[in-house]
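Examination of the molecular architecture
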Amino acid sequence: MANGSLYEAKGRWRDAPLFRWFNSKMRPIGGWQRFTASPLSEPARALLTWRANTGIPYAAVGTANHLLTTAGGVFTDLTPADLAKGTVDAYIGNGFGTGIYSDQGYGTARTGNTKITGATTWSLDNFGQILLALQTNDGRLFEWDPSTQAPKATLVANAPTDAVAMFVTAERMVVMIGVGDNPREIQWSNQNDHTSWTVDETTTAGDLQLHTNGFPMAGIRMPGTNLIFTDTDVHSLTYVGYPYIYGTQLLSSNCGLIGPKAVASTTNFAVWMGNTNFYLYNGTVQAMPSDVAEAVFNNLNITQKSKVCAGINSTFSEVWWFFPSTNSLENDSYCYWNYKEQHWGFGLGVLGRTAWSDREVWPYPIGAGSDYNLYEHENGWTDAGNTRVGTFQATSGPIDIGSGDATLHVTQLIQDTSVGDGSYSVNFISGMTPNGTPITNGPYKMRPDGYTDCRFMGRQIQLEVTPTADGLFQFGTLRLDGKPGGRR
């Protein structure tokens, strides 16, 4: 629990970066290993994995100024030669040429520039085996077919040339969002033909406008419907058949998306980070109660919020969000929600990922690091071969002894632990008064028989669990063998 005061977390874990709870036991999250031989030249802002008709798996990566693909090991640069220049970081200001000519003196700082221009991102999706890609600064739709192994991605014929996002629906139509000078405009291609965009009685191509005051940012497909997100609300885009093809409905207001990549979905739900809350769609839109929301939004670099990215880690039934902390330009922190066991985790400044893809065509989830490398996650227990020992620990909230006026003399720890190839030690931080000087007792290395001798006393204690070897261990309920001491 990261929200509220320390004492509000009594009886719970307060700070546990790089730990997760699985089957009601605490354990380290899995390690990560290099997926590609060399780093990117810029942070990844989108990551897609898919399989060609030949069965070969591919990963596509979009950075501010590049589109690349890999079948593992090395990258192939697919970037079109005339791709619009992107921006790695968000910035505040309206840009050159947006003010009134000669309104302010040359060489002086501009006033009134409060607009945040977000970092450049990509929409990536696959139309069968064909990769489709759209960069936000460029607005054009590009394609690459692995069967031809073309050296560069090429323009999709006849597609609109000025959009902010795109996705492919279950009906095999490409939807482009924010087309032309009207950010509310949506257009879709003819069914089964992403190069046919003529709207007439012989095609299923079409267009409509969202009824919104928001700025469209992203779209995703889901079973039975599609969702389109703006910065203020969320809409459904549902297939209704000929002659209208698609219809829209406002699902909820005041629940907009914080950044274009801050939404993730499964076959059962979609979940996203808003500007002040987390939201869930499972037929209706609802705000999600979260044990970490206060810590996340209080430590978020708002200027760089366009970099927030979300991803599913289906092996452990988790949705992860990566975000830049207050003093960081790049993603360096995370939170996650376990949708099976309904709990949250949080880590500030300990893990930076800028794009994510769940394990699908590859055996492990793939995360793009803030260091420009791609990593296979949940693979081993190290940081790309480097030990993680000494870099993280879990700390509980206060544990009161009785009503707080008695002391406890502890002589033995009895742990509920299953240890694999990892190990850990335990510290107890004890105190006699709420504001008194805390005393650290330990570390106590857990014995394999489950009984560990120790000696400490206090009226209030906190528990620290620290890994001492890279590997798996699972920490359950800890019991203390002790005797009560005197009262105040």
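This text follows the structure it describes.
Figured I'd write up the structure that's included with this text. (Residues numbered from 1 in each chain as written. Predicted model: local features only at pLDDT ≥ 70, side-chain atom pairs only at ≥ 80, totals over all residues. Heavy atoms only, no water.)

1. A closer look at the overall build of the chain
Regarding its fold elements, the chain presents one helix and 41 strands. Long-range pairs, those at least 24 residues apart, make up 57% of the contacts in the chain with a sequence separation of at least 6. Total accessible area computed for the chain in this model is approximately 21400 Å², and 50% of it derives from carbon and sulfur atoms. (Helix = DSSP H or I, 4+ residues; strand = E, 2+ residues; numbered from the N terminus. Contact = heavy atoms within 4.5 Å. Areas by Shrake-Rupley, 256 points an atom, 1.4 Å probe, with all protein chains shown as cover.)

2. Here we look at the sheet that holds strand β24 (residues 270–273)
Strand order in the open sheet formed by four strands is β23-β24-β25-β26, with antiparallel pairing between adjacent strands. A strand with exactly one partner marks an edge of an open sheet, and here the two such strands are β23 (263–265) and β26 (285–288). Strand-to-strand twist of the sheet, defined as the mean angle between neighbouring strand axes without regard to direction, takes the value 20°. In this structure, β23 lies alongside β24, joined through three bridges in antiparallel fashion. Bridge pairing in β24 places Ser265 opposite Ala270. (Pairing = 2+ DSSP bridges. Axes fitted to C-alpha atoms, helices over the stretch in contact; angles between N-to-C directions.)

3. Concerning the packing of aromatic side chains
Aromatic rings in a pair are described by how distant their centres are and how their planes are angled relative to each other. Taken as a whole and judged by the stated rule, the model has 27 aromatic pairs. One aromatic cluster in this structure is built from Phe269, Phe278, Phe297, Trp321, Trp337, Tyr339 and Trp344. The ring of Phe316 has Arg20 lying over it, and the distance from NZ or CZ to the ring centre is 3.8 Å. Its end group placed over the ring of Trp32, Arg353 keeps NZ or CZ at 5.3 Å from the ring centre. (Phe/Tyr/Trp six-rings, centres within 6.5 Å; stacked < 30°, edge-to-face > 60°. Lys NZ or Arg CZ within 6 Å of the ring centre and 35° of its normal.)

4. Observations concerning the side chain of Thr382
Among the structural elements, Thr382 can be located in the loop between β33 (374–377) and β34 (394–396). At a separation of 3.1 Å, a polar atom in the side chain of Thr382 contacts the side chain of Gln33. Once residues lying within four places of it in the same chain are set aside, the contact partners of Thr382 are Gly31, Trp32, Gln33, Arg388 and Asp470. (Polar contact = N/O pair within 3.5 Å; in protein donor to acceptor, adjacent residues only side chain to side chain.)

5. Focus on the nonpolar core
With 39 residues, the main nonpolar core has Trp272, Met273, Phe278, Trp321 and Trp337 as its most contacted residues. Here Trp337 is in contact with Phe269, Val271, Leu280, Met288, Ser317, Glu318, Val319, Trp321, Gln342, His343 and Trp344, once residues within four sequence places are set aside. The next biggest cluster of nonpolar side chains, apart from the first, holds 34 residues, and it includes Trp13, Ile29, Cys309 and Met446. (Core = buried A, V, L, I, M, F, W, Y, C linked by side-chain atoms within 4.5 Å. Buried < 20%, exposed > 50% of the residue type's maximum accessible area, 1.4 Å probe, protein only.)

6. A closer look at the sheet that holds strand β32 (residues 366–369)
Read across the open sheet, the four strands follow the order β4-β33-β32-β31; overall the sheet is antiparallel. One side of each edge strand has no neighbouring strand; the edge strands of this open sheet are β4 (32–34) and β31 (353–357). Across this sheet, the average inter-strand angle for adjacent strands is 30°, counted without regard to direction. Sheet analysis places β32 next to β33, joined by three bridges and oriented antiparallel. Across the sheet, the residue bridging to Ala368 is Leu374, located in β33.

7. Regarding the pattern of salt bridges
A complete count under the given rule lists eight salt bridges for this structure. The shortest N-O distance in the salt bridge between Glu330 and Arg45 comes to 2.9 Å. Taken together, the residues span a long stretch of sequence, with Glu330 in the loop between β28 (318–323) and β29 (333–338) and Arg45 in strand β5 (residues 44–51) at a distance of 285 residues. The exposure class assigned to Arg45 is buried, which follows from its relative accessible area of 3%. (Salt bridge = Lys/Arg side-chain N within 4 Å of Asp/Glu carboxyl O.)

8. Structural notes on the side chain of Asp332
Here Asp332 lies in the loop between β28 and β29. One buried charge, Asp332, has no salt-bridge partner; the nearest side chain with opposite charge is Lys307, at 10 Å. Within the local environment of Asp332, its side chain forms a polar contact with the side chain of Ser325, the two groups lying 2.8 Å apart. With residues up to four places along the chain from it excluded, the contact list for Asp332 reads Phe323, Pro324, Ser325, Leu348, Gly349, Val350, Leu351 and Gly352. (Lys, Arg positive; Asp, Glu negative; His and termini not counted.)

9. Focus: the environment of Tyr339
One can find Tyr339 in the loop between β29 and β30 (343–347). Excluding residues that lie within four positions of it along the chain, Tyr339 makes contacts with Thr266, Phe269, Ile312, Ser314, Ser317, Glu318 and Val319.

10. Concerning unusual backbone geometry
In this chain, Tyr242 is followed by Pro243 through a cis amide linkage whose omega measures 5°. Geometrically, the link from Gly442 to Pro443 is a cis peptide bond, its omega value of 10° lying close to zero. Positive phi values are uncommon outside glycine, yet Leu18 reaches one of about 65°. Among the secondary structure elements, Leu18 is positioned in the loop between β1 (13–15) and β2 (19–22). Given a relative accessible area of 4%, Leu18 falls into the buried group. A positive phi is found at Ala384, a non-glycine position, where the angle reads about 50°. Relative to the elements of secondary structure, Ala384 occurs in the loop between β33 and β34.

11. Quick look at the pairing of strand β27 (residues 309–313)
Burial analysis of β27 places five of its five residues in the buried class, the great majority of the element. Every second residue of β27 is oriented toward a common face, with Cys309, Gly311 and Asn313 on one face and Ala310 and Ile312 on the other, all of them buried. Direction of pairing for β27 relative to β28: antiparallel, over a ladder of five bridges. Along β28, the bridge assignment pairs Cys309 with Phe322.

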